[in-house]
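For reference, the chains in residue letters:
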Protein chains: 2
Amino acid sequence: MARAAGVSPMTVSNVINGHPHVREATRARVLAAMADLDYRVNVAARNLRRGRTGVIGLAVPEIHRPYFAQFASAVIDAAQRRDLRVSVEQTGATRESELAVLGLSRNREYDGLILSTVGMGAADAERLRVPYPVVILGERIFNGPVGHVAMPNVDGARAAVRHLADRGCRRIAMLTGAETAEVNVSQLRLTGYRLALESAGLPYDPALVQRMDAMSMEAAAGRVRAMVAGGLDFDGLFCLTDTAAIGALRGLADAGVRVPSQVKVIGFDNIDEGRFLVPSLSTVDPDHAAMAERAVALLSRRIDGDGGPEEFVSGFSVIARESTAH
Amino acid sequence: MARAAGVSPMTVSNVINGHPHVREATRARVLAAMADLDYRVNVAARNLRRGRTGVIGLAVPEIHRPYFAQFASAVIDAAQRRDLRVSVEQTGATRESELAVLGLSRNREYDGLILSTVGMGAADAERLRVPYPVVILGERIFNGPVGHVAMPNVDGARAAVRHLADRGCRRIAMLTGAETAEVNVSQLRLTGYRLALESAGLPYDPALVQRMDAMSMEAAAGRVRAMVAGGLDFDGLFCLTDTAAIGALRGLADAGVRVPSQVKVIGFDNIDEGRFLVPSLSTVDPDHAAMAERAVALLSRRIDGDGGPEEFVSGFSVIARESTAH
DNA sequence: TTGTATGCGTTATCAC
DNA sequence: GTGATAACGCATACAA
């Protein structure tokens with residue numbers, strides 16, 4: 001330790017932590033010794049003493065899905081600004097992994113956790129009663145003392161479908177996730193879809209709601225090919241996510257359907273790639289940078305002990321590109 | 001602590017760490033008490049004692065670039081199999097941030113570090129002499145005691161350009177990064193490009209080598225539009241990365257150039273999206289899953305103290321899709 | 001097979 | 001303004 005080198009035992013600590021009551025001369029001496037010995041604080045010891053790790057967990061289904069990758073990127077930047085590191089966990093969207101991640105942080109591995117809940121349901125609300133701050137990325141389906149950062153799922157979906165209707169679509173299909181008992185993204189966006197149809201005076205046809213188990217590009221492409229091959233009549237397509245929309249565009253191309261002249265397509269998320277697709281992808285932008293910033297801010301504030309769990313629903317905007325052009 | 005609850009003071013530790021010499025009865029008792037008290041090991045204390053954190057750092061330029069997102073995903077999975085967590089840092093590809101990350105781990109925040117070096121150069125080799133294992137994601141430009149996991153840049157690029165030549169291209173352009181003094185990805189792939197031209201008996205025309213400061217989709221799209229607008233004559237395009245290729249496809253579409261009939265395009269990385277683009281993107285697959293697995297394996301082995309820094313260069317394969325069809 | 005003592009490196013408290 | 005003391009919770013070594 002720098003004690004031997006410098007002269008002080010724990011004045012070192014004061015110097016490191018920038019305490020005010022240290023004479024300039026001693027501070028200089030300590031700093032010199034530190035540089036000399038290439039001294040490094042032992043973060044593990046500090047963590048033990050402080051009861052903090054300076055690390056937050058970020059649990060998402062899969063980091064390589066563009067939406068989560070972009071969200072993670074923004075979270076890491078926001079965390080860095082607050083001197084926090086981010087440990088990324090992949091849950092594969094399964095309930096078990098999501099619960100396992102909650103246990104990890106419980107071990108004080110993390111000071112707090114941003115958790116994207118997909119597999120967990122309202123029945124698991126009790127599991128969120130953990131002794132550290134949690135911010136859920138998703139709908140307010142839990143009543144526990146956890147923060148929420150959510151997308152405007154209903155309104156965003158409604159606006160997307162209204163956009164299709166405004167552009168003249170009359171038979172609007174939706175590519176969505178499996179039907180579950182839980183309130184989830186699929187259900188909320190489906191609600192928005194139905195509301196928009198209603199407002200536009202269009203009938204709701206269950207045959208146009210296409211449910212998929214996985215929201216992958218591959219699954220979306222396959223499903224769209226099947227829709228066309230099966231003779232389903234549709235002139236608009238609202239995809240649950242941009243990732244699914246990429247697959248859908250591919251599926252339509254495979255089926256020889258032209259976009260936007262025969263079918264108009266809109267996604268949700270505004271991932272970077274959308275602008276550069278051919279045709280470029282219309283979408284709903286939920287402002288994920290703001291969501292990430294808020295998620296980290298909420299967490300950070302609660303780690304510091306100020307304030308209770310809050311809720312934030314981001315704004316959104318519809319971005320019209322070639323895939324829904326006239 | 002469970003000591004009071006159970007009966008033993010520190011047999012708890014043995015139970016937790018699965019030591020062999022614990023009677024079944026006591027083990028059961030301890031486990032019961034642990035469950036009862038909802039006992040959790042304090043990882044910070046364990047880290048201090050063990051001198052390990054169970055966390056590795058992964059430093060990449062930006063996690064949201066598809067290639068790094070997919071790589072990170074594979075790294076996280078590989079780490080999880082070895083009971084390691086992954087803390088992700090974004091360096092923005094700047095030398096300063098890359099060096100800063102090295103300092104972080106020096107504080108024993110991480111047991112080891114996987115570092116994608118872009119900004120650092122051979123002159124910084126000394127900075128890699130750190131007291132913990134490092135695996136560089138990139139070329140062997142450093143002689144220090146660090147592991148390397150590299151792509152087959154020269155051979156892969158060569159194969160890509162040969163593929164274009166085989167498909168009849170005679171004026172093959174390349175979209176690459178800025179020229180630097182350092183040995184880097186751009187330079188190596190450019191070497192492959194030149195070798196392939198030579199083998200194919202095609203002349204090397206510097207005007208066909210287009211250098212960009214940023215390898216973004218946006219920059220690539222803009223550059224390609226400029227190339228066409230400027231009257232540059234080319235019938236093949238090798239893009240440094242798939243991300244750039246997405247932008248290039250967009251730029252060609254904007255310029256009214258048809259792919260693959262007028263210009264054939266190939267990228268490098270085999271990101272997931274490539275399969276679903278229209279036209280789908282031909283590319284070089286460097287097997288990033290294998291690279292990630294090897295990077296973590298190398299690091300893990302060195303954390304455990306076995307073996308020295310090794311080097312691994314992944315294999316590759318050319319994946320022909322629509323963007324280079326006849 | 002189980003318990004006891006000791007120390008990992010840091011910082012909060014309080015005396016000097 | 002600086003130093004001594006203690007404690008954070010666990011695991012190693014050794015004693016019982």
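As a starting point, this report considers the structure included with it. Here the structure is a predicted model, which is why all the values come from computation and not from measurement.

Rules used throughout
Residues numbered from 1 in each chain as written. Chains lettered and ligands numbered in written order. Predicted model: local features only at pLDDT ≥ 70, side-chain atom pairs only at ≥ 80, totals over all residues. Least-squares fit on C-alpha atoms with pLDDT ≥ 70 in both. Contact = placed C-beta atoms within 7 Å. Pairing = 2+ DSSP bridges. Helix = DSSP H or I, 4+ residues; strand = E, 2+ residues; numbered from the N terminus. Axes fitted to C-alpha atoms, helices over the stretch in contact; angles between N-to-C directions. Expected span 1.5 Å × (residues − 1). Buried ≥ 20, exposed ≤ 12 C-beta atoms within 10 Å, placed from the backbone. Left-handed = near helix turned anticlockwise from the far one by under 90°. Core = buried A, V, L, I, M, F, W, Y, C linked by C-beta atoms within 7 Å. Nonpolar A, V, L, I, M, F, W, Y, C, P; charged D, E, K, R; others polar. Parallel < 35°, antiparallel > 145°, perpendicular 65-115°, else oblique.

1. Some remarks on the relation of the copies chain A and chain B
For the pair chain A and chain B, the best superposition has an RMSD of 0.2 Å and corresponds to a rotation of 180° with a translation of 0.1 Å parallel to the axis. When the rotation and shift are considered jointly, the pair of chain copies conforms to a two-fold rotation axis. Closest approach to the rotation axis within chain A is made by the C-alpha atom of S87(A), at a distance of 2.0 Å. Comparing interface residues between copies, 100% of those in chain A also sit at the interface in chain B, which points to an isologous, same-surface contact.

2. Details of the sheet that holds strand β9 (residues 264-266) of chain A
Residue and element names in this part refer to chain A. Spatially, the four strands line up as an open sheet ordered β7-β6-β8-β9, and their pairing is parallel. Both edges of this open sheet fall to β7 (209-212) and β9, since each of them pairs with a single strand only. Pairs of neighbouring strands in the sheet enclose a mean axial angle of 20°, with direction left out of account. Of the strand pairs in this sheet, strand β6 (residues 172-177) and strand β8 (residues 236-239) are connected by four bridges, and their pairing is parallel. The partner of M174 across the bridge, within β8, is F238. Where helix α9 (residues 217-229) meets the sheet, it contacts β6, β7 and β8, and its direction lies at approximately 140° from that of β7.

3. Side note on helix α8 (residues 185-200) of chain A
All names here are of chain A. For α8, built from 16 residues, the straight-helix expectation of 22 Å at 1.5 Å per residue is met to within 8% by its first-to-last C-alpha distance of 22 Å. Looking at α8, one finds that the buried residues are V185, S186, L188, R189, L190, G192, Y193, A196 and L197. At its buried positions, α8 is contacted by α7 (153-166), β6, β7 and β8. Just beyond α8, the residue with positive phi is G201, at close to 75°.

4. A closer look at the packing of helix α4 (residues 43-50) of chain A against helix α4 (residues 43-50) of chain B
Where α4(A) meets α4(B), the axes come as close as 8 Å, and the angle between the chain directions of the two elements is 145°. Considering how the two elements wind past one another, α4(A) and α4(B) form a crossing that is left-handed. Contacts between α4(A) and α4(B) involve A44(A), A45(A), N47(A) and L48(A) from the former and A44(B), A45(B), N47(B) and L48(B) from the latter.

5. Some points on the nonpolar core
C239(A), A248(A), C239(B) and A248(B) are the most contacted members of the largest nonpolar core, which totals 92 residues. Aside from chain neighbours lying at most four places away, what touches A248(A) is L175(A), A220(A), A221(A), V224(A), L237(A), C239(A) and V265(A). A74(A), I114(B), V134(B) and V149(B) belong to the second largest nonpolar core, which has 78 residues in total.

6. Description of the interface of chain A and chain B
With 40 residues of chain A at the contact, the number on the chain B side is 40 residues. Put simply, the parts of the chain that give the side of chain A that touches chain B at least two residues each are α4, α5 (66-81), β2 (85-90), α9 and α10 (242-254) of chain A. No other element matches α5(A), which puts seven residues into the side of chain A that touches chain B. Here the residues of the side of chain A that touches chain B are counted per class, giving 20 nonpolar, 10 polar and 10 charged.

7. Some remarks on unusual backbone geometry
All names here are of chain A. Between V278 and the following residue, P279, the backbone shows a cis peptide bond with an omega angle of -5°. Along the chain, P279 turns up in the loop between β9 and β10 (283-285). One non-glycine residue, D38, lies in the positive phi region at around 50°. Mapped onto the elements, D38 comes out in the loop between α3 (24-37) and α4. Accessibility expressed as a C-beta count within 10 Å gives 8 for D38, which makes it exposed. Phi at N270 is positive, roughly 55°, even though this residue is not glycine. Of note, N270 is situated in the loop between β9 and β10. Note on N270: 24 C-beta atoms within 10 Å, which makes it buried.

8. Topic: the sheet that holds strand β7 (residues 209-212) of chain B
Residue and element names in this part refer to chain B. Spatial strand order, β7-β6-β8-β9: four strands in an open sheet with parallel pairing. Two strands bound the open sheet, and with one partner strand each, they are β7 and β9 (264-266). Neighbour-to-neighbour, the strand axes of this sheet turn through a mean angle of 20°, independent of strand direction. Pairing of strand β6 (residues 172-177) with β7, which is carried by four bridges, proceeds in the parallel orientation. Bridge pairing links T176 to R211 in β7. Docked against the sheet, helix α9 (residues 217-229) engages β6, β7 and β8 (236-239), running at close to 145° with respect to β7. Together, β6, β8 and β9 form the strand contacts of helix α10 (residues 242-254), whose direction differs from that of β8 by roughly 145°.

9. A closer look at α9(B)
Residue and element names in this part refer to chain B. If you check α9, its first and last C-alpha atoms are 18 Å apart, about what 13 residues at 1.5 Å a residue would give, namely 18 Å. Turning to α9, the residues buried within the fold contact β6, β7, β8 and α10. Backbone geometry just downstream of α9 places G231 in the positive-phi region, at approximately 80°.

10. A closer look at the pairing of strand β4 (residues 134-137) of chain A
All names here are of chain A. Neither face of β4 is exposed, since V134 and I136 on one face and V135 and L137 on the opposite face are all buried. The pairing of strand β3 (residues 112-116) with β4 spans four bridges and is parallel. Paired with I114 across the strands is V135, a residue of β4. Where β4 and strand β5 (residues 147-150) come together, three bridges link them in parallel fashion. Within β5, the residue paired with I136 across the bridge is H148.

11. Here's the deal with the packing of helix α5 (residues 66-81) of chain B against helix α11 (residues 288-303) of chain B
Residues and elements named next belong to chain B. At a minimum axis separation of 8 Å, α5 and α11 run at an interaxial angle of 45°. Accordingly, the angle class assigned to the pair α5 and α11 is oblique. Along this stretch, α5 crosses α11, giving a crossing that reads as right-handed. Across the interface between the two elements, Q70, F71, A74, V75, A78 and A79 of α5 pack against H288, A289, A292, E293, A295 and V296 of α11. Among the residues making up the contact of α5 with α11, the classes are represented as nine nonpolar, two polar and one charged.

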